[in-house]
Amino acid sequence: MAKKKIVTKRQFKRHKKVGKAPGTITYMGHRDATETKVTIIEYTDSFNKVHYPGDIEQIAAHKDTPTTSWVNIVGLSDVSFIEKVGSHFGLNPLILEDIVNTQQRPKIDEYEDYIFGAFKMLYVNENSELVSEHVAMVLMKNCVLVFQELDDDVFNGVRERISAKSGRIRTRDSDYLFFALLDSIIDNYFVVLENVSHKIEVLEEEVYENPNQEVAHRIQLLKKEVLKIRQWIYPVKELVGRLIDSESALISKDTKLFLRDALDHSYEINESLQIYREMAMSLMEMYMSNMSNKMNEVMKVLTIMASIFIPLTFIAGIYGMNFDHMPELHWEHGYYLVWGIMITLFIIMLIYFKKKHWL
Amino acid sequence: MAKKKIVTKRQFKRHKKVGKAPGTITYMGHRDATETKVTIIEYTDSFNKVHYPGDIEQIAAHKDTPTTSWVNIVGLSDVSFIEKVGSHFGLNPLILEDIVNTQQRPKIDEYEDYIFGAFKMLYVNENSELVSEHVAMVLMKNCVLVFQELDDDVFNGVRERISAKSGRIRTRDSDYLFFALLDSIIDNYFVVLENVSHKIEVLEEEVYENPNQEVAHRIQLLKKEVLKIRQWIYPVKELVGRLIDSESALISKDTKLFLRDALDHSYEINESLQIYREMAMSLMEMYMSNMSNKMNEVMKVLTIMASIFIPLTFIAGIYGMNFDHMPELHWEHGYYLVWGIMITLFIIMLIYFKKKHWL
Amino acid sequence: MAKKKIVTKRQFKRHKKVGKAPGTITYMGHRDATETKVTIIEYTDSFNKVHYPGDIEQIAAHKDTPTTSWVNIVGLSDVSFIEKVGSHFGLNPLILEDIVNTQQRPKIDEYEDYIFGAFKMLYVNENSELVSEHVAMVLMKNCVLVFQELDDDVFNGVRERISAKSGRIRTRDSDYLFFALLDSIIDNYFVVLENVSHKIEVLEEEVYENPNQEVAHRIQLLKKEVLKIRQWIYPVKELVGRLIDSESALISKDTKLFLRDALDHSYEINESLQIYREMAMSLMEMYMSNMSNKMNEVMKVLTIMASIFIPLTFIAGIYGMNFDHMPELHWEHGYYLVWGIMITLFIIMLIYFKKKHWL
Amino acid sequence: MAKKKIVTKRQFKRHKKVGKAPGTITYMGHRDATETKVTIIEYTDSFNKVHYPGDIEQIAAHKDTPTTSWVNIVGLSDVSFIEKVGSHFGLNPLILEDIVNTQQRPKIDEYEDYIFGAFKMLYVNENSELVSEHVAMVLMKNCVLVFQELDDDVFNGVRERISAKSGRIRTRDSDYLFFALLDSIIDNYFVVLENVSHKIEVLEEEVYENPNQEVAHRIQLLKKEVLKIRQWIYPVKELVGRLIDSESALISKDTKLFLRDALDHSYEINESLQIYREMAMSLMEMYMSNMSNKMNEVMKVLTIMASIFIPLTFIAGIYGMNFDHMPELHWEHGYYLVWGIMITLFIIMLIYFKKKHWL
Amino acid sequence: MAKKKIVTKRQFKRHKKVGKAPGTITYMGHRDATETKVTIIEYTDSFNKVHYPGDIEQIAAHKDTPTTSWVNIVGLSDVSFIEKVGSHFGLNPLILEDIVNTQQRPKIDEYEDYIFGAFKMLYVNENSELVSEHVAMVLMKNCVLVFQELDDDVFNGVRERISAKSGRIRTRDSDYLFFALLDSIIDNYFVVLENVSHKIEVLEEEVYENPNQEVAHRIQLLKKEVLKIRQWIYPVKELVGRLIDSESALISKDTKLFLRDALDHSYEINESLQIYREMAMSLMEMYMSNMSNKMNEVMKVLTIMASIFIPLTFIAGIYGMNFDHMPELHWEHGYYLVWGIMITLFIIMLIYFKKKHWL
């Protein structure tokens, strides 16, 4: 269900853009979803503060402060606001297009003064449906701009570490913040994979216990979900690799050590995904083999019933004939003899089927 | 249907050429399809004009004007006309061959003074059939030559942007025009993919509701269509990549930024196509599993009916025998007793099948 | 059929050679097939002549003439003659081995004074069987040596162009002749693919109309044929690529432009072959799904017949019993009542199967 | 079973970490599994001694002795202890994280003064279940630190060689010790593969003798196990390759010769694993084909029984009719004639089925 | 059968070695198979002689003679003897380990004074079983050491060429001898492939004529055999390639020309193997489709018999009822009428099944 909706939406949205000039900044998400909400977390080693800026100037002011600022913008439907932010922070229009294009595939673009990244934030919501949310991040000298589609996100851990001054985050620069956010996104992929793994286990059991068309359908949905996840996650390992090889002055050698860890996780995720994919394919195979088993069982019941009673009915039919001269009919124990023959036949058939392990 | 016709035509056409000298300029499309029609859109930042040139000299005149000209030639069957255009614009005969060869696979060739590209324009016509049309484009210093097979195209967006002066197009050179046209072609691939995605969804539903041979056939046609589309689209990402890496003076660094965006789209299209391909394969698998299900259901009905009534018929047969001495026949309630036994048996069988979840 | 024979022959031939010294010049084809026949086509821009040389010296004389000579040798069983040609033209013994080895896989070897190439000429004969013929070509400064297994070939187009002075061929050197021959070979691959495509279409129809074991067998033969063709055609694209990258003085820059076209065709052929391969695999899948369909249909007929008549027969059986006390038997309209019940039951069953869409 | 547990645990553990700061040293195994146990084997060419150090200083003392020390730490749940070891030996916190992360995928990280490696130790326990254990190793100038999850390991051979002074190990430096331990791990992969191979053979036999749902289930479990093993083993060959290419002064040229041998083994393991994977897939295929066979057999029994007795019953039915005028009923030998006809029919059916090879 | 034995042995052997020091020289074959037998063939252009040396010194003497010597050692179980040979010829212990390890995967190792190669000699024995035999070869300046597991080999052709002075072998150095031996090994792979191809053809026929479980089993064995052969043969093409690229002074430029030919053959073998693999997979597919066909046939017989006779039996049942008032029973021609109806029904059913092509 959830899956289907996503596909449809995606296709529909892209349609709106076909024929427009390249670089046109068109919002591709649920236009009426959320109104734009801006939060700025500013911190240094010794202090941290959360701002709720009222206008664009208050936001732009954080560009050049020596403190580290995390400008978090939720809701991408107000395109003109995004454009204003872009021009105040000096962003290329092509980037603005990517920010509001919620179908953007994961990418990293390096510019002279900033590094742009677009990713898919994946999480499982309270209905245990998979949610995919577009997130765009810009790393600048003293701040990180984060653009999110929806209010929910996977960054609470980072927020807590900043306010609680736990871990290294408060002692480091914006590049570490950028990494910490990216790391949160990647870490959450593990939760999503867990969800997939759980679904596989549930389906595995159902395939054994009660294989029916609905189970087959859910296996197909799972396969689609894995395909989708792979499309969103697969490019990440290459992008992180590119950040590590980057010569930009924005990323310190120290942060690169941490990025190498994130790279490691990306590889692990891809390998696990590959395994889940093969497991999902095995599920279908298993389903087919169980269907075959069921059919076999059905056929055995039919064969046993028919093979036993059709010959017996034939014998009864013989002595139901009305010929004038049928000596057996007049034997004193003819009737009991026929019963004897029929019971013997019955037992022989039972033994035969027993031997064939059909009983 | 549509699919099959394409394959046949293609094969047939190539046949005509086998044995001819390489470099022979042979039109490989529907020779009688369209007559040649030339339109020239000339523009600078400050003006734009559409010409309908009467002869070849009027066309050639646009080669050296400082304005940007889009020479659009529709209909490739008049080979001598194409040759004349080629010689006036100084094109290599090998290129001319590629221009009229409507089976040409996508390619980019760089020459000193111009860059030649051949692509497949894909769109869905009013009967929602997939149409593939050969288009060849030559980028020159001040003009772009476009050769199309048919009158329909995907360039209306570009035409509108030029005439309405919307977007950047009027302020830029011929390389941007070349990019804009290529971008239109690529953008339309999304529409084609959408169409594929829609077909998959429709088939998915039918596979569940009414799997029959006709559905299986349409799944196969879809698989073929995806194969074809892949053949046409797959090379594009490499070609765009080559344009970006090109050292030709014809493509400005600025335009390359836009090309990088187009490259991104090409990757996305290829990934989606890959997913649709796997979905199409899943459809067939699903179809087979549903067929199995149906068979199972059929077998269950047969088995239940036969297993219940064959033994009962046997009992009836017993008391239809004509033995002289069958005491039960003379019991006062013999008949009702037999009914009792048969109904009991019937109920036992029902319970048995209920337990097996066959009912 | 045709396919099988080829495989067997091939294997058998290789056997003969195992254990012999490497470089031993052993003919691996049909030893008695054709006797050696030599034709020389000599031409310059202004004249052309066909020679039928009587002895080896007359052949060797063409090595150093300034005219371009195409020395065409048909029939490879006279190994000593091939060796004489080799020594007169200064060919390495390893090449001679490859010339007479009709199982040689496609290859290009560059030597200082000449370039050696071995290819598979593929064509469809009058019985529309696929024929694969080994052809070896040596490009020298002023001549091209061509060694063929059989009299049939795909070079008639080139012969005509030389004698009719059509196309560029008469104005160019031996390297262009070499290319023209190679191009003929590659162009004919399209005809072979067409044949494959045609077979697929025929089988597609038969799979729908009358799927039987013979059709399944032909699908398998087709799959084998595609595998074989791929083995013969696949290396060509790399070999042509190597010629283009070659630094040999024998190939002019101009000819390389044409080779690039041939390379393009090789890619196209490989892509098409890939598609045909997947289509052939789909055919088998389709066959299985149609078999399933048929089975389903058979089962439905059985189930309907049995489900309707077994209960009715049971009712008839009831009233065929001979109990003394069966009141229904003595009712005046008992018989008609039973008919009524049976017809009612019959109709109910029909409605039930109608609802299940089994009718 | 064993398989499932592993998957579940793994997923659960990762969960605990999501949201924490990167570089947080969190133990991801069975926290209460083993308490930390440290053993140090110290040796030179001329002496060897086993230490059981009481405190961290006694351990750290081995860092700078000229003798070679193998510091073996079992039990990773006491994170603060691991951290102390880390700081005494000067290890990067990121490494400490990898040491206690028992889900770490295989990796090699080179630092200036040491080389860090994480591997999966695989072995088959007494219940012939596959056990995977995380092991981390640090190669330093004069010592090798080994961190293990559990008390069991595959290093007994190395211990014996040190104490018995057999092989080269006592005459060489810490890099050889590091290699010897790694070699033990890799060698044990062969034992695991053997176990897989044995399972395949057992399943192969069962598939032929008694294919049932439980066998199908075990085939699936085997496929999963192979997938898991591949995930753990696959990266090793690349890691060993990286050690060989390393320019670190810690690894002597001589030891690299041995590593090349280990690399060879890694390749062999991967190839075998690939074969086992394909065999496991063949098992499922075989299972399906045997199921089909069984079904065929069941159907044949049904068809033979029904085809023989249904027509005979029909004949008996005919002469059970009660028409007033049925001349055959009054023939003297009518009854025997009917028996004759029925027996003839019976024999004809038998011959027919014999001819069809159904009997 | 043969296959299974190989797998088991292999696994068992490796077990013996696990836990031993790397570089331990452990024989991994049939320890009691053959006793060691040494033959030396010494030759120059003008003479050749076969020696049967009595002790190790007589063998070692051939190391430094200017003649070319082929030291052939059969039987690898006497490890100490191999070690003595090793030390006299100055071989690295790691190589000795590889020489006696009969499970060694194919490899080439270059040392300063010699080149070591290990290969699998494959041949089909008199029972047409596939035999795989480990062979290790060392190329030195004036001699080639060959270590074989068993007495049988594929080198008779080389021996004959040396003694008969046929081919180039007597006029060339040890590198050509090394090549000639390797070429013999590779050439014999063709014989093995032939055997595979023959098996495929036989199975193909059986699949059509008599598909049963035993055929399915043999298809699986064939698939395994192809997997094994691939594992043994696959690395060869890379190894030969490495010899060609080698800069060792031991291999002359002239011999490299011949190696290039061997490389060509390796490629051909790999391609053929790939094709056989796909054919083997097709066999299984074909088997399943034929099983389906058989099932269909069985079901048709059942359906036809049941559909025809169940309704007829029902009619007979009707007139077997004992109602007092059944007018038809008293019609004069009632009985014949019923026969008429039944025959009509019978014919209608026949026509129906004829139309459905079930008859």
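Residues numbered from 1 in each chain as written. Chains lettered and ligands numbered in written order. Predicted model: local features only at pLDDT ≥ 70, side-chain atom pairs only at ≥ 80, totals over all residues. Heavy atoms only, no water.

- An unreviewed UniProt entry lists chain A under the name Magnesium transport protein CorA, from Maribacter arenosus.
- The annotation that UniProt attaches to chain A under Function (unreviewed entry) is "Mediates influx of magnesium ions."
- The record in UniProt for chain A states the following under Sequence similarities (unreviewed entry): "Belongs to the CorA metal ion transporter (MIT) (TC 1.A.35) family." (UniProt positions renumbered as here; feature names shortened; annotations may be inferred.)

**Some details on helix α7 (residues 213–245) of chain B**
Residues and elements named next belong to chain B.
Working step 1: Taking 1.5 Å per residue, 33 residues should reach 48 Å; α7 reaches 49 Å between its end C-alpha atoms and fits that length.
Working step 2: Helix geometry: α7 is bent most strongly at Q231, by close to 30 degrees, with proline P235 lying one to four residues after it.
Working step 3: Across the 33 residues that make up α7, a large majority, 24, are buried. (Helix = DSSP H or I, 4+ residues; strand = E, 2+ residues; numbered from the N terminus. Expected span 1.5 Å × (residues − 1). Bend = angle between axes of the 7 residues up to and from the residue. Buried < 20%, exposed > 50% of the residue type's maximum accessible area, 1.4 Å probe, protein only.)

**Describing the relation of the copies chain D and chain A**
Working step 1: The two copies are related by a screw motion: chain D maps onto chain A through a turn of 72 degrees and a shift of 0.1 Å along the axis, at an RMSD of 0.2 Å. As the rotation angle and translation indicate, the two copies are arranged about a five-fold axis. For chain D, the residue whose C-alpha comes nearest the rotation axis is G320 of chain D, separated from it by 4.7 Å.
Working step 2: With a heterologous cut-off of 20% or less, the 18% of interface residues of chain D that recur at the interface of chain A puts this contact in the heterologous class. (Least-squares fit on C-alpha atoms with pLDDT ≥ 70 in both. Contact = heavy atoms within 4.5 Å.)

**With respect to unusual backbone geometry**
Residue and element names in this part refer to chain A.
Working step 1: The backbone of H357 sits at a positive phi, close to 60 degrees, despite the residue not being glycine.
Working step 2: With respect to the secondary-structure elements, H357 resides in the segment after α10 (334–355).
Working step 3: The exposure class assigned to H357 is exposed, which follows from its relative accessible area of 65%.

**A look at the sheet that holds strand β5 (residues 115–124) of chain A**
Residue and element names in this part refer to chain A.
Working step 1: On the basis of which strands lie adjacent, the open sheet formed by seven strands has the order β2-β1-β3-β7-β6-β5-β4 and mixed pairing. Strands with a single pairing partner mark the edges of an open sheet, and in this sheet they are β2 (48–51) and β4 (107–110). On average, each strand axis in the sheet is tilted by 20 degrees relative to the strand beside it, whichever way the strands run.
Working step 2: Pairing between β4 and β5: four bridges, direction antiparallel. Residue pairing across strands places E110 opposite I115, the latter belonging to β5.
Working step 3: Contacting β1 (37–43), β2, β3 (68–74) and β7 (143–148), helix α5 (residues 156–164) crosses the sheet at an angle of about 145 degrees to β3.
Working step 4: Across the sheet, helix α6 (residues 174–209) is in contact with β1, β3, β5, β6 (130–139) and β7; its angle to β5 comes to roughly 30 degrees. (Pairing = 2+ DSSP bridges. Axes fitted to C-alpha atoms, helices over the stretch in contact; angles between N-to-C directions.)

**Quick notes on the UniProt feature "transmembrane region" (unreviewed entry) in chain A**
Residues and elements named next belong to chain A.
Working step 1: Per the UniProt record, the feature "transmembrane region" (unreviewed entry) sits at residues 301–321 and 333–353.
Working step 2: Between the end C-alpha atoms of residues 301–321 the distance is 30 Å, and the span holds 86% helix and 0% strand.
Working step 3: Along residues 333–353 the backbone is 95% helical and 0% strand, and the end-to-end C-alpha distance reaches 30 Å.

**Quick word on the arrangement of the chains**
Working step 1: Across the gap from chain A to chain E, with no contact made, the nearest C-alpha atoms are 9 Å apart.
Working step 2: Nothing in chain B touches chain E, and the closest approach of their C-alpha atoms is 9 Å.

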